[in-house]
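Fold and contact review
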Amino acid sequence: MGKVIAVVNQKGGVGKTTTVVNLSAALAEEDYKVLIIDIDPQGNATSGCGILKNQVNSTVYDILVNNINIKEAIQQSEHEPISIVASNMNLAGTEVELVNTKQREFILKKQIDMIKDEYDYIFIDCPPAVNILTVNALTAADSVLIPMQCEYYALEGLSQLVQTVGLVKKNINPKLVLEGILFTMFDNRTNLSAQVVKEVETHFKDTVYQTKITRSVRLSEAPSFGMSCIKYDSRSKGSDQYRQLAKEFVERN
């Protein structure tokens, strides 16, 4: 049975989508069968996989609101052996459209359960907010992966996020666990980065990934070409780091 991982942080610009696309690509490179579910209305994971957001027939919006079967919305990444359920701006109004829907937190879980056995790993790229979309992801997930930057405000956000995960675990999904905390945009030349890492490791020692993702021009460039960094520049520093993360991720699992 596949494992479902929600990649979550309520702060934007921390490398969620970069991590989803590149970790998926690194796992696919090792012949793991991977599905990405993009539930961010911005649809960055969708475009990062080379798919034109406005030319998709069925998206995660149709799964959540129009009750179509998830199998109808799965398509192949343009450049890589990854499957994806796409997203676009139609998803932005989902909170209002589902307001009177019974058990609305479980819609995505019910759909994923039908195809879970067909994949090794299913990554859900969440929006930078704790809303009904994120709650759907946390309800469907087996674990939570948190990418975070090495800055002071990230520590405050991490505390709030862990509380939210705890609430979902207590009230909706008792099997939910913390998969890991990944430092992104890491700069080992600054004291602040070292301090933030030390602080997080004090509280979450066993869940912090040893692999850290540093700032990289190639990682920033790759999405504009609709591909992962691993496909865009296989020998780049960013590609090597995500391969190392994939190795550590698989060893933990």
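Here the structure is shown first, and the text comes after it.
Just so you know, the residues in each chain are numbered from 1, in the order the chain's sequence is written. At least 70 in pLDDT is required for a residue's local features to be given in this predicted model, at least 80 for side-chain atom pairs to be given and counted, and no such filter applies to totals for whole chains, interfaces and linings, which use all residues. Where side-chain values are given, they derive from all heavy atoms of the structure, hydrogens and water being excluded.

With that out of the way, let us pick up the overall build of the chain. In DSSP terms, a helix is any run of H or I states spanning at least four residues, a strand is any run of E spanning at least two, and both are numbered starting from the N terminus. The secondary structure content of the chain amounts to 11 helices and seven strands. For the C-alpha atoms alone, the extent of the chain along its principal axes is close to 50 × 40 × 30 Å. Buried, partly exposed and exposed residues are distinguished by accessible area as a fraction of the type maximum, computed with a 1.4 Å probe on protein chains only: under 20%, between the cut-offs, and over 50%, respectively. Burial analysis of the chain (253 residues in total) assigns 53% to the buried set. Pairs of residues are marked as contacts when any of their non-hydrogen atoms sit within 4.5 Å. In the chain, once contacts between residues fewer than 6 apart in sequence are set aside, the share between residues at least 24 apart is 78%. Accessible surface for the chain amounts to roughly 11,800 Å². Of this, 48% is attributable to carbon and sulfur atoms. As used throughout, the charge tally considers Lys and Arg to be positive and Asp and Glu to be negative, leaving His and the chain termini uncounted. In this description, the location of a charge corresponds to atom NZ of lysine, CZ of arginine, CG of aspartate or CD of glutamate. Computed over 26 positive and 30 negative side-chain charges, the separation of the two mean positions in the chain equals 4 Å. Using the Shrake-Rupley algorithm and a 1.4 Å probe, accessible areas are obtained, with residue cover drawn only from the displayed protein chains.

Let us now look at the layout of surface pockets. Over the atoms, a rolling probe the size of a water molecule traces out where space has been left empty. Grid spacing is 1 Å over the protein atoms alone, the probe is 1.4 Å, and a cavity is where that probe fits but cannot get out, while a pocket is an open set with protein on both sides within 12 Å along at least five of seven lines and lining residues have an atom within 4 Å of a point. Grid points are joined across faces, edges and corners, and a volume is the space filled by probe spheres set on the points. Roughly 490 Å³ of internal volume is contained in the largest pocket. Together, 28 residues line the largest pocket, and G15, K16, T17, T18 and M185 are the ones closest to its centre. Taken together, the elements giving at least two residues each to the lining of the largest pocket come down to helix 1 (16-29), helix 2 (44-48) and helix 9 (217-221). Ranked by residue count, the leading element in the lining of the largest pocket is helix 1, at five residues. Gly is put with the polar residues, along with every residue not named as nonpolar or charged; the nonpolar set is Ala, Val, Leu, Ile, Met, Phe, Trp, Tyr, Cys and Pro, and the charged set is Asp, Glu, Lys and Arg. Its residues assigned to classes, the lining of the largest pocket comprises 11 nonpolar, 14 polar and three charged.

This part covers the packing of aromatic side chains. Aromatic pairing here means that ring centres of Phe, Tyr or Trp (its six-membered ring) are within 6.5 Å. Orientation follows from the plane angle: under 30 degrees is stacked, over 60 is edge-to-face, and everything else is tilted. Within this structure, the stated rule accounts for five aromatic pairs. Taking the centre distance of 5.7 Å and the plane angle of 55° together, the rings of Y32 and Y121 count as tilted. Of this pair, Y32 sits in the loop between helix 1 and strand 2 (34-38) while Y121 is found in strand 5 (residues 121-125), placing the two residues 89 residues apart along the sequence. Here Y32 falls in the partly exposed class, since its relative accessible area comes to 27%. Pairwise contacts between aromatic rings join Y32, Y121, F123 and F249 into one cluster. In this scheme, the term charge over a ring applies when either NZ of a lysine or CZ of an arginine sits within 6 Å of the ring centre and within 35 degrees of the ring normal. In this structure, K33 packs its charged tip against the face of Y119, placed 5.3 Å from the ring centre. It is K212 that lies over the ring of F186; its NZ or CZ is 5.9 Å from the centre.

Here the focus is the sheet that holds strand 2. Any two strands with at least two DSSP-identified bridges between them are counted as paired. Pairing within the open sheet is mixed, and its seven strands lie in the order 3-4-2-5-1-6-7. Here the strands that pair on one side only, and so sit at the sheet edges, are strand 3 (74-76) and strand 7 (177-184). Averaged over all adjacent pairs, the angle separating strand axes in this sheet is 25°, with direction ignored. Where strand 2 lies against strand 5, five bridges are found, and the strand directions are parallel. When the sheet's bridge partners are listed, V34 is paired in strand 5 with Y121. Sitting on the sheet, helix 6 (residues 132-140) touches strand 1 (3-7), strand 5 and strand 6 (143-149), and the angle it makes with strand 1 is about 150°. Throughout, an axis means a line fitted to C-alpha atoms (over the contacting stretch in the case of helices), and angles, computed between N-to-C directions, take values from 0 to 180 degrees.

Our focus in this paragraph is the pattern of salt bridges. Whenever a carboxyl oxygen of Asp or Glu lies within 4 Å of a side-chain nitrogen of Lys or Arg, that contact is scored as a salt bridge. Tallying each qualifying case throughout the model produces nine salt bridges. Close ionic contact of R218 with D233 constitutes a salt bridge, the shortest N to O distance being 2.7 Å. Taken as a pair, R218 in helix 9 and D233 in the loop between helix 10 (229-232) and helix 11 (237-252) lie far apart in primary sequence, 15 residues in all. Overall, the relative accessible area of 33% leaves R218 in the partly exposed class. Two residues, R243 and D240, come together in a salt bridge whose shortest N-O distance is 3.4 Å. Here D240 and R243 lie together in helix 11, a separation of three residues that amounts to about one turn. Since its relative accessible area comes to 42%, D240 is described here as partly exposed.

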